[in-house]
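Now for the letters of each chain:
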Amino acid sequence: MATARTLLLPEVERYLTGGVIAGVVGGEDWAGTSGETFQTLDPGSGEVLAEVHAYSAADVDRAVAVANEAFRKSGWATLAPNDRAVRLHRFADLVESRKDIVTQIEAVDAGKLPAAARGDVDNFIESLRFFADMAQHVQRRSQLAVAGHEAWTLRNPWGACGFIFPWNFPLLLMGWGIAPALAAGNTVVVKPAEDTPLSSIFVAQLARESGMPEGVVNVVPGLGRVAGAALSASTGIKRMSFTGSPEVGRLVGESCGRNLVPVKLELGGKGAAVVFEDVDVEATARLLVGAITFHTGQICCDATRWMIHKSIYNDFVTACRQALEQVSVGYQLDDATTMGPLVNAKQRERVLGYVEKGVAEGADAVVPGGIAEVAGHDGYYVKPCLLAGSLDNIAAREEIFGPVAYLTTFEQEDEAVALANDTDYGLANSVWTTDLARAARVAESMVAGNSWINAHNLFPKGVPYGGVNKSGVGGGVNSIETLFDYWRSQSIVRPL
Ligand code: NAD
């Protein structure tokens, strides 16, 4: 039977067992000064993978000071964009050359299937290359036609930018965040989630090895309420980005607001999938089941409220049951596994608790879910679950963050749009129909950052991705607008 330890690459084994893992500040592995550590577990086995140094607030302050010093003195901010691009591509090349290692670190730390973890590493590399290339072609100086004056605007990097990331896509989200900031000439301080710090620290070591100047990429491991709170309350940070829950996002927003630090918040979701009567029922059911079981449903933009046209509802549920029979819950590194564990015990309690409360409020357990036993692995496994009924139910309103979907029916197009928009969130929805005029109409009527047609979870580079309402404030990621976020605008005027 496979366990993390029997399957580890020698390089990964060395990384995990080489002593307490330190953050990276000023180009050095730095233990910080708190003397405290925390453990990161393999979600598939519950076993300790590694011990990591936990930074104090003072340690985070030092990292921010180092990042600002590197901004002023390392030359990174003033490099010609093409020189900066060369260095970012070198960093990307090095991550690419260690792809197997980074993939396995991410798979064991975050409970991801290797194919999914590999996709995240590829995405990190693509983010570096995409923004490195884009930054070379963007005009940073624009001449303005103004009567009686010579005037122009200039885009300059801000300085040290702070990032706080969640545990579901540690490396992919780090790439979405830091790649545009670095390409624009900023330095970065990254606080990874305490459940999944290993890939962020490893790639910061690769940034150093690739020749990035010291202090440009810093990673500060630690607890959210200590290291995360210190980073968001830092007066040295010039720009802040937080990805995580709306509850913590509010705290980060408050801290940044007090210091007048610009902040973007990428938060949770409760996405809808509106399925019309003209779809291929089996194919659509298979794709939506795939969406909620991919990374065990721990995806902010997932489709978790399914509005199914009444005329196909019974066939659709039958097709979902058939698709769910193909799902094999197991240890993430086992070849037969198609759905791995949840990230930790708390998350499993959360998922099971929401299902229980939803049923207590009257939801019909179409596919009941519950704990999944995986022989030989004491990880955090659950079975996928489908609930159905009125959307006025806790399991249909609140973000569960697990392999759970809530089904309901509709008959009219405007009814479906109203149901989809009846939420506090606004991250991503999808519409499924062969009538492309209807698809576009419904997609445009949905109140959210993203509407997808005949698919769910699409993130091509260049298409802005962000949320509205309780799903996000102040920006988004993945597009040219993101690069502009990491430049401050300056106007220069001279009377003629
Ligand atoms: P979380 O909010 O609990 O934690 C996110 C990060 O914040 C972690 O690094 C944590 O250590 C840190 N943190 C905790 N307390 C803090 C504090 N007081 N001050 C500053 N930082 C603190 O979220 P999570 O459980 O790690 O992730 C799941 C959530 O993230 C879900 O709501 C999900 O929808 C959301 N998410 C959103 C996106 C997006 O792009 N919109 C992407 C991924 C995840």
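See above for the structure.
Engineer: Would you explain the pairing of strand β11 (residues 263-266) in this entry?
Structural biologist: In regular strands, side chains alternate between the two faces of the sheet. Pairing of strand β10 (residues 239-243) with β11, which is carried by 4 bridges, proceeds in the parallel orientation. In the strand pairing of β11, Phe242 is matched with Leu265. Of the crossover connections in this fold, the one passing from β10 over helix α10 (residues 246-259) to the parallel β11 is right-handed. With 2 bridges connecting them, β11 and strand β19 (residues 472-473) associate as antiparallel partners. Across the sheet, residue Glu266 finds its bridge partner in β19, namely Gly472.

Engineer: Hey, could you run me through the environment of Leu144 in this one?
Structural biologist: Mapped onto the secondary structure, Leu144 falls in strand β5 (residues 141-146). Owing to a relative accessible area of 38%, Leu144 belongs among the partly exposed residues under this scheme. Residues Leu144 and Ser491, spaced 347 residues apart in sequence, show a C-alpha to C-alpha distance of 9.6 Å.

Engineer: Looking at this structure, I do not really get the packing of helix α4 (residues 81-97) against helix α8 (residues 198-209). What am I missing?
Structural biologist: Any two packed helices are characterised by the angle at which their axes cross and by the distance between the axes. Packing of α4 against α8 brings their axes to within 9 Å, and their N-to-C directions diverge by 125 degrees. As far as their axial angle goes, α8 and α4 are oblique. Of the two elements, α4 crosses α8, and the hand of that crossing is right-handed. Across the interface between the two elements, Phe91, Leu94 and Val95 of α4 pack against Val203, Leu206, Ala207 and Glu209 of α8. Each residue belonging to the contact of α4 with α8 can be placed in one class, and the counts come to 6 nonpolar, no polar and 1 charged.

Engineer: Looking at this model, I keep getting lost on the pattern of salt bridges. Mind explaining?
Structural biologist: Pairing between side chains of opposite charge can happen when the charged atoms of each approach one another. One pass over the structure, following the stated rule, counts 16 salt bridges. Residue Lys73 is joined to Glu69 by a salt bridge in which the shortest nitrogen-to-oxygen separation is 3.3 Å. Here Lys73 and its partner Glu69 are both found in helix α3 (residues 57-73), 4 residues apart, which amounts to about one turn of the helix. You can call Glu69 partly exposed: its relative accessible area is 36%. Measuring nitrogen to oxygen at the nearest pair gives 3.2 Å for the salt bridge that ties Glu194 to Lys191. For Glu194, a relative accessible area of 26% corresponds to the partly exposed category. Through salt bridges with shared partners, one network takes in Glu69, Arg72 and Lys73.

Engineer: Teacher, can you tell me more about a negative patch on the surface here?
Structural biologist: On the surface, Glu247, Glu361, Asp392, Glu398 and Asp424 cluster together into a patch of negative charge. Assessed through its relative accessible area of 35%, Glu398 is described here as partly exposed.

So, how was this worked out
Residues numbered from 1 in each chain as written. Predicted model: local features only at pLDDT ≥ 70, side-chain atom pairs only at ≥ 80, totals over all residues. Heavy atoms only, no water. Pairing = 2+ DSSP bridges. Helix = DSSP H or I, 4+ residues; strand = E, 2+ residues; numbered from the N terminus. Right-handed = clockwise from strand over helix to strand, strands pointing away. Buried < 20%, exposed > 50% of the residue type's maximum accessible area, 1.4 Å probe, protein only. Axes fitted to C-alpha atoms, helices over the stretch in contact; angles between N-to-C directions. Parallel < 35°, antiparallel > 145°, perpendicular 65-115°, else oblique. Left-handed = near helix turned anticlockwise from the far one by under 90°. Contact = heavy atoms within 4.5 Å. Nonpolar A, V, L, I, M, F, W, Y, C, P; charged D, E, K, R; others polar. Salt bridge = Lys/Arg side-chain N within 4 Å of Asp/Glu carboxyl O. Patch = residues over 30% accessible without salt bridge, like charges linked within 9 Å, V, L, I, M, F, W, Y side chains within 5 Å. Areas by Shrake-Rupley, 256 points an atom, 1.4 Å probe, with all protein chains shown as cover. Lys, Arg positive; Asp, Glu negative; His and termini not counted. Charge placed at Lys NZ, Arg CZ, Asp CG, Glu CD.

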